[in-house]
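# A closer look at the structure
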Amino acid sequence: MQFRLAVLGIFLCTFQAYSQGIIRGKVFNPVNNEPVAFANILILNTELGAISDENGMYEINAIPPGLYNVRASFVGFKTSTAFEVQVTLARPVQLDFQLQEDAADLSEVVVNSEFTRSEETPLSVRKLNTNEIERYPGGNRDISRVIQALPGVASTPSFRNDILIRGGAPNENKFYVDEIEVPVINHFSTQGSSGGPVGILNVNLIKNLDLIAGGFPANRMDAMSSFFEVQLKDGRRDKMATQLTVGASELTLSNEGPISEKTTYSLSARRSYLQGLFRLLGLPFLPTFNDFQLKTTTKLNAKTELTFIGLGAIDNFELNQDIPEDETEEERENRLYLLDVLPVQTQWNYATGLKLKRFRENGFWTFVLSRNMLNNQAIKYAGNDNSSEANLLFDYTSQESENKFRAENSIFGKGYTIKYGVNYQYSRYFISNFDRSTLASTGEVIDVESTSFFNQYGAFVSGSKNFYGDRLLISGGIRMDGADFAETASNPLNQISPRVSFSYQLRPNLFATANAGIYYQKPPYTVLGYRNNEGELENQENDVRFIRNSQLIAGIEFLVPEKNRRFTAEAFYKKYSNYPSSIRNGIALANLGADFGVIGNEPVESNAEGRAYGLEFLAQQRLFNDFYGIAALTLVRSEFTNPNTEGFVPSSWDNKFIISLTAGKRFGKNWEVGARWRFLGGTPYTPYDLEESSLISNWDLRNAGILDYSQINAVRLDPFHQLDLRIDKKYYFKRWNLNWYVDIQNIYNFQAEQAPILIPVRDDSGNILLDPNDPNRYQLKLIENPAGSVLPTVGIIVEF
């Protein structure tokens, strides 16, 4: 066996040494879609390159397999660099470049940032490409985890993908895929929020990811913390190609190619086998997820392009009541607690959209028509005994569906741009909710079934202009939005959102930036569609409002383009108003945290305020001399008021500090090693009300403790840290490629503190013991709830 492996290794090395790869593609102007002829395309740090022909097409041959930075340039156009382009032997790389005309005089010296500064958003933008996402240590090819390396982004010690940016809640983020909004990007998503344990988007099909954490463009709406702009790869124009990924928990198949001379496609399907793995490990819950992804691009003519995308996911969550062998007392207590509180859950969602782009000489029109839907079902029986309806604790079903239209006109002139547009959205929210547990302490039963419809509308205008030989950039815009979910919100004049950004070139490669803006976001549908037992839209009667967020940002950016380095520092301040607070509990929803389930399905008032402020520092080294790295430090505070407390109290997202260090090195023979270390301050939590929780009448209906909201977020967890490691090895064959990797999360097995769990004391038969001093109460106890274990993952990626 050893001899065979040695012979195979010699064969692989010999074969790769005498084989070459190809890069080919098109260079074009993104303003008018016209080809850029005679552009120079150069593979950096090599002597390999090409010149585009009259149709903008180019091809570079005889490239040794590996990872390269490729640059395209032409006189009168801004330079563009594609980082970390993977060249293989299985198929030519399809690499297209967009070169936009440079308004500066040719005689002037214009410093070009290889980090692609945007005129609309000249600050608070972070970019990642497909290779950076795929090889990220601890990311497991999931964009929601990969962005945790960036400044301002907090993560949790649990296995959830909650995206917490600059002290904001997980539901303050919006996601766009090829300019089409996709509301849900995680499996087992928390309704009313955005978190979940596993991302939906397939990294194999992603070209680039932009995270905009401030200075939002006026054509984006309904978010206060960030916008994610995901650009998918176009399908191959030459021939079909396939990629198979086998991981520790899932199997993914991706395929792309031409349908006709004018149409290409890319698609993927993924199936998890976590259920079998969790059953083998003896865990009390059994999740299964599936997802699908499709994109087609059609060049109707030289000036018209039609894009279609479709994404969908199906998630099932079952309970495992098998008793593991050799179970310890602590494991038994945890298992019984989870079986008591976890529901059986089914969730599915999809998003589809069409984007039509019509080019002209000085710009283009963009029309987007899309639909998305989320279906969420959860059911729970006392003792998990569904033999009688008398045991039913809750039965929850809801659906959120949206139909959206957006039209935008982009005009590009010499040194300026102008955009304007309108949008309309028609939404449906259905809920069927029987619940005996939420209001157990009052004896009230929730029993509602209803359907609500909402209209939302908006318009914007924006522009940017360069001054002083392109040293000063001023961009700004204004938008207004309205919706008929309540009286105040229906008038767009109540939601006017101005914003302005500045970027000034102090010295070559040194920029000062600033932004001020007001942004609005509607509350989640769980709030808007909530009805009481009389069937009334109670929150409409309460005149629930758009949440308002005023932001100030100032920063500095230093670039070292010849070494692909970037250094930034930014200060930010975010002021919240009209934030929903729970009438039942008297606290802001921002202080409820995020977990599996539903947030906001209750009566609220728009009377809470909040603030988040801090400093961010970033040092980024893109691939240079086979090394890359990101160092990020964030100092942040996040605080909110509550109707039942005085002054500001820490929110559930108040980490205080976030440190993230990521680095990687490429070695000979196609080996690559990367590591990430995170260190975050502990977040606050609310302790249990032991008196209320121990009452038998409460516990039997809830199977969980009741929080003491008079001590909202009064206790803080200890800081947590984690080291992740990833090793990759690649092999290149004439017709196929092989990549295996080992990804180890939390390599030194740090046990992060989490809020303790309140559980009942049981006898040997599993029966809950009564309090000997009060027969109306159970005996309860708090147990530690640490998060974290060594999580190794082995994966194989095959391309052909």
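Residues numbered from 1 in each chain as written. Predicted model: local features only at pLDDT ≥ 70, side-chain atom pairs only at ≥ 80, totals over all residues. Heavy atoms only, no water.

### A word on the nonpolar core
Just so we agree on the cut-off: Among buried residues, those of type Ala, Val, Leu, Ile, Met, Phe, Trp, Tyr and Cys that are joined through side-chain atoms within 4.5 Å constitute a nonpolar core. Burial classes follow relative accessibility: with a 1.4 Å probe on protein chains only, a residue under 20% of its type's maximum area counts as buried, one over 50% as exposed, and anything between as partly exposed. The helix and strand labels rest on DSSP assignments: H or I over at least four residues marks a helix, E over at least two residues marks a strand, and numbering proceeds from the N terminus. The contact rule is simple, with two residues in contact once any of their heavy atoms fall within 4.5 Å.
The biggest cluster of nonpolar side chains holds 38 residues, and the ones touching the most others in it are Phe 485, Val 544, Tyr 576 and Tyr 579. Broken down by secondary-structure element, the contributors of at least two residues to this core are strand 26 (416–435), strand 30 (510–521), helix 6 (525–528), strand 31 (547–560), strand 32 (565–582), strand 33 (604–624) and strand 34 (627–640). Each residue touching Tyr 579, except ones within four places of it in the same chain, is listed here: Ala 169, Asn 171, Glu 172, Ile 547, Leu 589, Ala 590, Glu 605, Ser 606, Asn 607, Ala 608 and Phe 640. If you look at the next biggest cluster of nonpolar residues, it comprises 31 residues, including Val 153, Ile 165, Val 177 and Leu 311.

### Details of the sheet that holds strand 5 (residues 66–73)
Put simply, the rule reads: One bridge is not enough; two strands pair if DSSP finds at least two bridges between them. Angular values range over 0 to 180 degrees, each being the angle between N-to-C directions of two axes fitted as lines to C-alpha atoms, with helices fitted over their stretch in contact.
What the four strands build is an open sheet, ordered 3-2-5-6; its pairing is antiparallel. Where the open sheet ends on each side, the last strands, each with one partner, are strand 3 (49–51) and strand 6 (80–87). For this sheet, the mean angle separating the axes of adjacent strands, direction not counted, is 20°. Bridging between strand 5 and strand 6 involves six bridges; their strand directions are antiparallel. Bridging from a neighbouring strand, Leu 67 pairs with Gln 86 of strand 6.

### What to know about the pairing of strand 23 (residues 344–360)
Bridge count between strand 22 (residues 304–319) and strand 23: 14 bridges; the pairing is antiparallel. Across the sheet, the residue bridging to Ile 309 is Gly 353, located in strand 23. Between strand 23 and strand 24 (residues 363–381), which pair antiparallel in sequence order, lie two residues.

### Things to note about the packing of aromatic side chains
For the record, the criterion: Here the aromatic set is Phe, Tyr and Trp, taking the six-membered ring for Trp, and pairing holds for ring centres within 6.5 Å; pairs whose planes are under 30 degrees apart are stacked, those over 60 apart are edge-to-face, and all others are tilted.
Counted by the stated rule, this structure contains 26 aromatic pairs. Ring centres of Tyr 429 and Tyr 525 lie 6.4 Å apart, and the angle between their planes is 15°; this geometry places the pair in the stacked category. Residue Tyr 429 is found in strand 26, and its partner Tyr 525 is found in helix 6; the two are separated by 96 residues along the sequence. Considered together, Tyr 429 and Tyr 525 belong to a single accessibility category, that of buried residues. Centroid distance Phe 485 to Phe 546: 5.3 Å. Interplanar angle 45°. Geometry classified as tilted. Of this pair, Phe 485 sits in the loop between strand 28 (472–483) and strand 29 (496–507) while Phe 546 sits in the loop between helix 7 (538–541) and strand 31, placing them 61 residues apart in sequence.

### Quick look at unusual backbone geometry
For Asn 703, which is not glycine, the phi dihedral falls at a positive 55°. Note on placement: Asn 703 falls in the loop between helix 9 (696–702) and strand 39 (715–716). Judged by relative accessible area, Asn 703 falls into the buried class, the value being 8%. The phi angle at Asn 713 is positive, at roughly 50°, despite the residue not being glycine.

### Here we look at the side chain of Arg 335
Structurally, Arg 335 can be placed in helix 5 (residues 329–341). Of the residues examined, Arg 335 reaches a relative accessible area of 8% and is grouped as buried.

### Details of the environment of Ile 768
Structurally, the position occupied by Ile 768 is in the loop between strand 42 (757–760) and strand 43 (770–771). Considered as a pair, Ile 768 and Gln 779 are eleven residues apart in the sequence and their alpha carbons are 7.5 Å apart. If we skip the residues at most four places from it in the chain, Ile 768 touches Trp 699, Pro 760, Val 761, Arg 762 and Tyr 778.

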